[in-house]
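Summary of structural features
Residue strings, one per chain:
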Amino acid sequence: QVQLVESGGGVVQAGGSLRLSCAASGSSFMIYAMAWYRQAPGKERELVAAITSGGSTNYADSVKGRFTISRDNAKNTGYLQMNSLKVEDTAVYYCNADVMLIMRDKVGAFWGQGTQVTVSS
């Protein structure tokens with residue numbers, strides 16, 4: 001199995017920055033795509049940003065130009081740099097990864113437990 005652990009959430013004033021990390025651990029695995037989702041109270045979970053194993057990225061329109069997704073394949077870790085944060089960015093942020101379980105020869109989708117990001121005005 002693979003575990004994803006997010007870190008870096010917290011409380012920040014509008015206009016500030018946070019950097020989220022998502023570290024994958026386990027044995028005999030390879031990460032394909034990674035993504036960040038968020039879910040605000042009373043709203044559905046939405047895709048924020050995604051990155052392929054080759055480094056291609058895509059972003060939700062609401063975060064383009066402010067957020068940057070990246071990954072360090074050697075460390076099995078993904079990142080979400082969030083700048084110019086707005087109150088409406090407040091949500092629980094979840095890491096998601098498509099992972100090849102090598103010994104089982106199958107691909108599975110894994111989620112982290114989530115990290116709270118609160119942007120105050």
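Residues numbered from 1 in each chain as written. Predicted model: local features only at pLDDT ≥ 70, side-chain atom pairs only at ≥ 80, totals over all residues. Heavy atoms only, no water.

**Looking at the environment of R71**
Applied cut-off: Strands here mean DSSP runs of E at least two residues long; helices mean DSSP runs of H or I at least four residues long; both are numbered from the N terminus. By definition, residues are in contact when any of their heavy atoms lie within 4.5 Å. Polar contact criterion, stated in full: a pair of N or O atoms within 3.5 Å, where within protein one must be able to donate a hydrogen and the other to accept it, and residues adjacent in sequence count only if both atoms are side-chain atoms.
Mapped onto the elements, R71 comes out in strand β7 (residues 67-72). Once you skip the residues sitting within four places of it in the chain, R71 turns out to touch I31, Y32, A33, M34, I51, T52, S53, T77, G78 and Y79. One polar contact links the side chain of R71 to the main-chain carbonyl oxygen of I31, over a distance of 3.2 Å. Polar contacts involving the side chain of R71 include one to the side chain of N73, which spans 2.7 Å.

**What to know about the nonpolar core**
Counted only if it meets this: Residues belong to one nonpolar core when they are buried, are Ala, Val, Leu, Ile, Met, Phe, Trp, Tyr or Cys, and are joined through side-chain atoms within 4.5 Å. When accessible area is computed with a 1.4 Å probe and restricted to protein chains, residues below 20% of their type maximum are described as buried, those above 50% as exposed, and intermediate ones as partly exposed.
Membership of the largest hydrophobic core comes to 31 residues, with the highest contact counts inside it found for W36, L80, M82 and Y93. With near-sequence residues (within four places) excluded, L80 lies in contact with L18, R19, L20, W36, V48, A49, F67, T68, I69 and Y93.

**Brief notes about unusual backbone geometry**
In the Ramachandran plot, S84 falls in the positive-phi region, its phi being about 50° despite a non-glycine side chain. As for its position among the elements, S84 is in the loop between β8 (77-82) and β9 (91-101). On the accessibility criterion, S84 (41% relative accessible area) is partly exposed. In this structure, D105 is a non-glycine residue whose phi angle is positive, near 50°. Positionally, D105 belongs in the loop between β9 and β10 (106-111).

**Observations concerning the pairing of strand β5 (residues 46-51)**
Counted only if it meets this: The pairing criterion is simple: DSSP has to find at least two bridges between the two strands.
Bridge analysis of strand β4 (residues 29-39) against β5 gives five bridges, and the strand direction is antiparallel. Paired with M34 across the bridge in β5 is I51. Hairpin connection between β4 and β5: a loop of six residues separates the two successive antiparallel strands, and G42 in this loop has a positive phi of roughly 80°. Relative to strand β6 (residues 57-59), β5 runs antiparallel, the two sharing three bridges. Across the sheet, the residue bridging to A50 is N58, located in β6. The turn linking β5 back onto β6 is made up of five residues, and G55 within it adopts a positive phi angle of 100°.

**A look at the state of the cysteines**
As a reminder of what qualifies: Disulfides are defined as cysteine sulfur pairs within 2.5 Å.
Per the counting criterion, the structure on display carries one disulfide. One disulfide in the model links C22 with C95; its S-S distance is 2.0 Å. Negative torsions about the S-S bond denote left-handed disulfides, and the value of about -75° found for C22 with C95 makes this one left-handed. With C22 in strand β3 (residues 18-26) and C95 in strand β9, the pair connects residues that are 73 residues apart, well separated along the chain. You can call C22 buried: its relative accessible area is 0%.

**What to know about the packing of aromatic side chains**
What counts is decided by this rule: Only Phe, Tyr and Trp rings are paired, with Trp represented by its six-membered ring, and only when their centres lie within 6.5 Å; those with planes under 30 degrees apart are stacked, over 60 edge-to-face, the remainder tilted. Comment: the charge-over-ring label is applied if NZ (Lys) or CZ (Arg) is within 6 Å of the ring centre and within 35 degrees of the ring normal.
Under the counting rule described, the total for this entry stands at one aromatic pair. Taking the centre distance of 5.0 Å and the plane angle of 55° together, the rings of Y37 and W111 count as tilted. Here the residue Y37 occupies a position in strand β4, and W111 occupies one in strand β10, the gap between them amounting to 74 residues. For Y37, a relative accessible area of 23% gives the class partly exposed. For W111, a relative accessible area of 39% puts it in the partly exposed group. The lysine or arginine in question, R19, covers the ring of Y79, its NZ or CZ lying 4.0 Å from the ring centre. Against the face of W111 rests R45, its NZ or CZ located 4.8 Å from the ring centre.

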